[in-house]
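Remarks on the overall topology
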Amino acid sequence: MPTKRHTLPKITVLVVDDHAVVRQGLKMLIHSDPNLRVTGEAEDGLAAVQLAGKLHPDVVVMDVAMPRMNGVEATRLDPVSRAPVGRLRVDAPLVVVAAGVLGSAGLLRRSGLPGDAIGGGLQLHTSLHVTALFDEPVHGYYGPTMAYAVTEFADVNGRTGPGFMIENTAVHPIATASALPGFGAEHAARMGRLPHLARALVVLRDRTRGRVDVDATGRPAVSYELVPEDLQRLHDGMIAIARAYLAAGAREVWLPRNGAPPVRSEQDLRAAGAGPLEPGRTSLLYAVHLFGGASMGGGAASACDEAGRVRGVRGLAVADAASLPSNTGVNPQITIIANALRIAEGLASERHG
Ligand SMILES: Cc1cc2nc3c(=O)[nH]c(=O)nc-3n(C[C@H](O)[C@H](O)[C@H](O)COP(=O)(O)OP(=O)(O)OC[C@H]3O[C@@H](n4cnc5c(N)ncnc54)[C@H](O)[C@@H]3O)c2cc1C
């Protein structure tokens, strides 16, 4: 006689994230387990509370940062009455902070961790752009964002240069407009030549060290004053790019200096002076590669030990660019990912052997 098969009801899951791609990935993951079923999805906390009241899922997988209502607020609301129910407290034997240099250092400082090491050791790859005008169209808004890097002046991978890289970059309208020198009609005329423009940037391996603190509202506040040596190397990098563009046949090169005339020859380059860079006159001085603020190191002066654990606090680690001890001198994503993996594997093997 055939036996009747009893199947347990599936565990129902509500997926909440403001990014459709993330929701899609989570759904695929959840559906790969035969015991789980996604009953609904929402793109913010408010929609999640409404759906939870209707669908009564067994589990809600919810992002923290979302528009309209974040995941923490939503988790505190009763799905039927929508009234806040108590406080939300998370007890975890291990907390790994990975909110980026400003986010992580800011969080640790806001949490009242003592000592100068937290927030200290901030380093950047300070950057500036040089733009060149060619007779031929370049159409630099198509193709890869960065196609070439000049490592001749770098001080990584066996190089003994002064410590900057030159990278070409895309000529997207907004990014180009924000970095071009000049104002008003002059700026508009330069933007009018967009199809004929090429751009490159200096990625400086700064010697400067700064700090991340928090202001009165709890937001990260950065102090970072470029040392004279870095200002000189920024100037030298700027001139090196201009020289490369002249050699490549540029009609004009525009240094990132408000009010400066176009460079058309070596003579013009000499007239541009020997440096150092004047930050106040520079059309755009910026950094998208940040390091430190909770640096790892062997000595007690570093915020984290070599395994990424925050010194003096049990169960707290930092696993992002904040824990890197210095700037890398090259685009850092891969190093950051490798370091985060190393820290995660170390912490996991400590806990589970
Ligand atoms: C425009 C641009 C272009 C770049 N191009 C390159 C490149 O071509 N190659 C390269 O190697 N690198 C590049 N970088 C640098 C690279 O993106 C960063 O170095 C790297 O992402 C830093 O990694 P991270 O994990 O430290 O921080 P992030 O990647 O910034 O991650 C931190 C995360 O924490 C979240 N967060 C912050 N505060 C909080 C909080 N209080 N609570 C919860 N979450 C929080 C943030 O939303 C973010 O998702 C670029 C950066 C920019 C901005």
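Residues numbered from 1 in each chain as written. Predicted model: local features only at pLDDT ≥ 70, side-chain atom pairs only at ≥ 80, totals over all residues.

1. A look at the site of the ligand
The test is simple: In this analysis, residues qualify as near a molecule or strand once their C-beta atom, positioned from backbone atoms, comes within 6 Å of it. Under the scheme applied here, ten amino acids are nonpolar (Ala, Val, Leu, Ile, Met, Phe, Trp, Tyr, Cys and Pro), four are charged (Asp, Glu, Lys and Arg), and all others, including Gly, are polar.
Within the structure, the ligand sits among 17 residues, and G100, G103, D320, N331 and Q333 are positioned closest to it. Its residues assigned to classes, the shell around the ligand comprises 11 nonpolar, 5 polar and 1 charged.

2. Focus: the pairing of strand β2 (residues 36–42)
The line we're drawing: The pairing criterion for strands is at least two bridges between them, as found by DSSP. The helix and strand labels rest on DSSP assignments: H or I over at least four residues marks a helix, E over at least two residues marks a strand, and numbering proceeds from the N terminus. Note on handedness: a clockwise path from strand one over the helix to strand two, with the strands aimed away from the viewer, defines a right-handed crossover.
Sheet topology places strand β1 (residues 11–16) next to β2; 6 bridges connect them, and they run parallel. Its bridge partner lying in β2, T12 is registered against R37. Traced from β1 through helix α1 (residues 20–31) to β2, the parallel crossover comes out right-handed.

3. Here's the deal with the sheet that holds strand β6 (residues 127–133)
As a reminder of what qualifies: Once C-beta atoms have been placed from the backbone, residue pairs whose C-beta atoms lie within 7 Å are recorded as contacts. For helices, the axis comes from a line fit to the C-alpha atoms of the stretch in contact; other axes are also lines fit to C-alpha atoms, and the angle between any two N-to-C directions lies between 0 and 180 degrees.
Strand order in the open sheet made by the 5 strands is β7-β8-β9-β6-β12, with antiparallel pairing throughout. For this open sheet the edge positions go to β7 (149–150) and β12 (252–254), each flanked by a neighbour on one side alone. Two strands pair when backbone bridges link them, and β6 and strand β9 (residues 197–204) are joined in this way by 7 bridges, in the antiparallel orientation. Residue A132 lies in a different strand from β9, and its bridge partner there is A198. Sheet strands touched by helix α7 (residues 228–247): β6, β8 (164–169), β9 and β12. Its angle to β9, the strand with the most contacts, is close to 150°.

4. Considerations on the nonpolar core
We apply this condition: Each nonpolar core reported here comprises buried Ala, Val, Leu, Ile, Met, Phe, Trp, Tyr and Cys residues connected via C-beta atoms within 7 Å. Here a residue counts as buried when 20 or more other C-beta atoms sit within 10 Å of its C-beta, as exposed when there are 12 or fewer, and as partly exposed otherwise, the C-beta atoms being derived from the backbone.
Judged by nonpolar contacts, the single largest core of 32 residues is most densely connected at V202, M238, I241, A242 and V253. Broken down by element, the residue count for this core peaks at 8 residues, all from α7. Leave out the neighbours within four places in its chain, and A242 touches V130, V253, L255, V263 and L269. Listed in part, the 25 residues of the second largest apolar core include A117, L122, L124 and I336.

5. Observations regarding the domain arrangement of the protein chain
Inclusion rule: Bear in mind that the domain bounds are from an automatic or database domain assignment.
Split into domains, the protein chain comes out as domain 1 (11–75), domain 2 (95–121 + 290–352) and domain 3 (126–209 + 226–281). Inter-centroid distance (C-alpha atoms) of domain 1 to domain 3 is 46 Å.

6. Re unusual backbone geometry
Going from G275 to P276, the amide bond is cis rather than trans, its omega being 0°. Structurally, P276 can be placed in the loop between α8 (266–271) and β13 (290–291).

7. Side note on helix α9 (residues 333–352)
Just so we agree on the cut-off: Multiplying 1.5 Å by the residue count of a helix minus one yields the expected span of that helix.
Its 20 residues give α9 an end-to-end C-alpha distance of 28 Å, which sits within 8% of 28 Å, the value for a rise of 1.5 Å per residue. Looking at the buried positions of α9, the neighbouring elements they touch are β14 (316–318).

8. Quick look at the sheet that holds strand β3 (residues 59–62)
In spatial order, the strands read β2-β1-β3; together these 3 strands make up an open sheet with parallel pairing. With one partner strand each, in any of the chains shown, β2 and β3 form the two edges of the open sheet. Neighbour-to-neighbour, the strand axes of the sheet open up by a mean angle of 25°, direction not taken into account. Two strands pair when backbone bridges link them, and β1 and β3 are joined in this way by 4 bridges, in the parallel orientation. Across the sheet, residue V15 finds its bridge partner in β3, namely V61. Where α1 meets the sheet, it contacts β1, β2 and β3, and its direction lies at approximately 165° from that of β2. Contacting β1, β2 and β3, helix α2 (residues 45–55) runs over the sheet at an angle of about 135° to β2.

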